Amino acid sequence: VIIFCDFSTTTASKRLFAVLQDLLQFFVLFARVLLELLVILVQSFLPKKQKDISGEVVLITGTGHGIGRELALHYASWGCTVVCVDINEQNNLETVQQIKNLNRGAVHSFSCDVSKREQVLDLADRVLAEVGPVSVLVNNVGIMPTHPLPQQSAEEIKRVFDVNVFSQFWTIQAFLGQMKDLGRGHIVCLSSIAGLIGLSNLVPYCATKYALRGLMEALHEELREGPYKDLIKTTTIFPYMTNTGLCKNPKVKFPSLLGLLDPKEVARQIVVAHRADCLETTIPSTLLYINNWTRLLPSKCGIMLKDYIDSGVESDLI
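Treat the numbers as computed from the prediction; the structure is a model and nothing was measured. (Residues numbered from 1 in each chain as written. Predicted model: local features only at pLDDT ≥ 70, side-chain atom pairs only at ≥ 80, totals over all residues. Heavy atoms only, no water.)

Glancing now at the sheet that holds strand S5 (residues 185-190). In spatial order, the strands read S3-S2-S1-S4-S5-S6-S8; together these seven strands make up an open sheet with parallel pairing. Two strands bound the open sheet, and with one partner strand each, they are strand S3 (107-111) and strand S8 (280-283). Along the sheet, successive strands turn relative to each other by an average axial angle of 15 degrees, direction set aside. Bridge analysis of strand S4 (residues 136-139) against S5 gives four bridges, and the strand direction is parallel. From the neighbouring strand, Val136 faces S5, where its bridge partner is His186. Against the sheet, helix H5 (residues 154-182) engages strand S1 (57-61), S4, S5 and strand S6 (232-239), with an angle of about 170 degrees to S4. Contacting S4, S5, S6 and S8, helix H8 (residues 263-275) crosses the sheet at an angle of about 150 degrees to S6. (Pairing = 2+ DSSP bridges. Helix = DSSP H or I, 4+ residues; strand = E, 2+ residues; numbered from the N terminus. Axes fitted to C-alpha atoms, helices over the stretch in contact; angles between N-to-C directions. Contact = heavy atoms within 4.5 Å.)

The next subject is unusual backbone geometry. Residue Pro284 is reached from Ile283 by a cis peptide bond, and omega for that bond is 0 degrees. In this structure, Pro284 sits in the loop between S8 and helix H9 (286-294). The phi torsion at Asp277 lies on the positive side, around 55 degrees, for a residue other than glycine. Within the secondary structure layout, Asp277 lies in the loop between H8 and S8. Relative accessible area serves as the criterion here: at 34%, Asp277 is assigned to the partly exposed category. One non-glycine residue, Asp310, lies in the positive phi region at around 50 degrees. (Buried < 20%, exposed > 50% of the residue type's maximum accessible area, 1.4 Å probe, protein only.)

Before going further, it helps to spend a moment on the environment of Gln269. Looking at where Gln269 falls in the secondary structure, it is placed in helix H8. On the basis of relative accessible area, Gln269 is assigned to the partly exposed category, the value being 25%. With twelve residues separating them along the chain, Gln269 and Thr281 place their C-alpha atoms 9.6 Å apart. A polar contact is formed between the side chain of Gln269 and the side chain of Glu265, at a distance of 2.9 Å. (Polar contact = N/O pair within 3.5 Å; in protein donor to acceptor, adjacent residues only side chain to side chain.)

Glancing now at a nonpolar patch on the surface. On the surface, Leu16, Val19, Leu20, Leu23, Phe26, Phe27, Leu29, Phe30, Val33, Leu34 and Leu37 cluster together to form a nonpolar patch covering roughly 1100 Å² of accessible area. Relative to the elements of secondary structure, Val33 occurs in helix H1 (residues 7-43). (Patch = residues over 30% accessible without salt bridge, like charges linked within 9 Å, V, L, I, M, F, W, Y side chains within 5 Å. Areas by Shrake-Rupley, 256 points an atom, 1.4 Å probe, with all protein chains shown as cover. Salt bridge = Lys/Arg side-chain N within 4 Å of Asp/Glu carboxyl O.)

By the definition in use, this model includes five aromatic pairs. Taking 6.4 Å as the distance between ring centres and 20 degrees as the angle between the ring planes, the aromatic pair formed by Phe26 and Phe30 counts as stacked. You can see Phe26 and its partner Phe30 sitting in helix H1, four residues apart, about one turn around the helix. On the basis of relative accessible area, Phe30 is assigned to the partly exposed category, the value being 44%. Each ring, one from Phe254 and one from Tyr308, has its centre 5.3 Å from the other, and the planes form 40 degrees; the classification is tilted. Residue Phe254 is located in the loop between strand S7 (250-251) and helix H7 (255-258), and its partner Tyr308 is located in helix H10 (residues 299-309); the two are separated by 54 residues in the primary sequence. Through successive ring pairs, a cluster of aromatic residues spans Phe26, Phe27 and Phe30. The ring of Trp78 has Arg275 sitting right over it, with the charged end atom 4.0 Å from the ring centre. (Phe/Tyr/Trp six-rings, centres within 6.5 Å; stacked < 30°, edge-to-face > 60°. Lys NZ or Arg CZ within 6 Å of the ring centre and 35° of its normal.)

The next subject is the pattern of salt bridges. Within this structure, the stated rule accounts for eleven salt bridges. For Glu56, the salt bridge identified is with Arg184, shortest N-O distance 2.7 Å. With a gap of 128 residues between them, Glu56 in the loop between H1 and S1 and Arg184 in the loop between H5 and S5 connect regions that are remote in the sequence. As a salt-bridge pair, Lys264 and Glu70 come within 3.6 Å of each other at their nearest N and O atoms. One end of the pair, Lys264, is in helix H8; the other, Glu70, is in helix H2 (residues 66-77), and 194 residues separate them in sequence. According to the relative accessible area criterion, Lys264 is exposed, its value standing at 51%. A residue is classified by how much of its surface remains accessible, and Glu70, at 16% relative accessible area, is buried.

Moving on, we come to the packing of H2 against H8. Between H2 and H8, whose axes approach to 8 Å, the crossing angle comes to 55 degrees. One way to sum up the angle between H2 and H8 is to call them oblique. The two elements H2 and H8 meet at a crossing, and its hand is right-handed. On H8, the residues that touch Gly66, Ile67, Glu70, Leu71, His74 and Tyr75 of H2 are Pro263, Lys264, Val266, Ala267, Arg268, Ile270, Val271 and His274. When grouped by side-chain class, the residues that make up the contact of H2 with H8 number eight nonpolar, three polar and three charged. (Parallel < 35°, antiparallel > 145°, perpendicular 65-115°, else oblique. Left-handed = near helix turned anticlockwise from the far one by under 90°. Nonpolar A, V, L, I, M, F, W, Y, C, P; charged D, E, K, R; others polar.)

Just distances and angles here, no functional claims.
See the structure below:
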């Protein structure tokens, strides 16, 4: 018995079937995207749901001054147990005393150079033993040398990466395990508007803040694809220039629209973003949309807009 089979026809049918499957998957994706856009549009007119954070153990780096201090005070006012971490022990103790004056959540002080991995691992052990597992990690610490790249020393460039980037790797590695043991957690990262827009006199600083966006986006993917996707959240914050002393020579063309931000207001908005499980946001929030839409335009258009706004920092060597 001889059986004849047209292999060319069979192959063509398989190819056609595969193409139809791909088209179907695309249309399903397109429909889901449209539905999600509709949901987001409706939600934009509704108040954002804010989760209760009272009782959370919140560890914040860089609490000796500025945004870190205001964050510590703000979280304490919500009834959180606040773990203040700073390399400057005296400033950190001042923050702790201010929190104690609120008579709200418990507060603890730890001195640590978070740019040193061994110190961070030791810190995690001490916090676990003395306070308990950390459920919220706020990576706030940062430094910002402000002068042209040729005048940045090798030591400065290395230090800004150690403090701004590697410290966040070390703290995430040290405390993520505690969150997994709890079965829940939240990691908040302070990047900067300089993590979305390149600025003069801030080349190494911008590089570190761009790196943090990549770090958090990739970390979110790892968590989303694993068993903790609905249990451990991430939030990345991109604040505009804030009046903390870090911006030594700010350049602002429109102070009524884009003046330096108040650290208290920045801290408040960070906690709002945390409580809303916001994945990423700028402060003010409009800057994220302006940046995203501008990136769709030809690069020269973006440069013209940047020149018109004309904000940034002058060299601190002048």
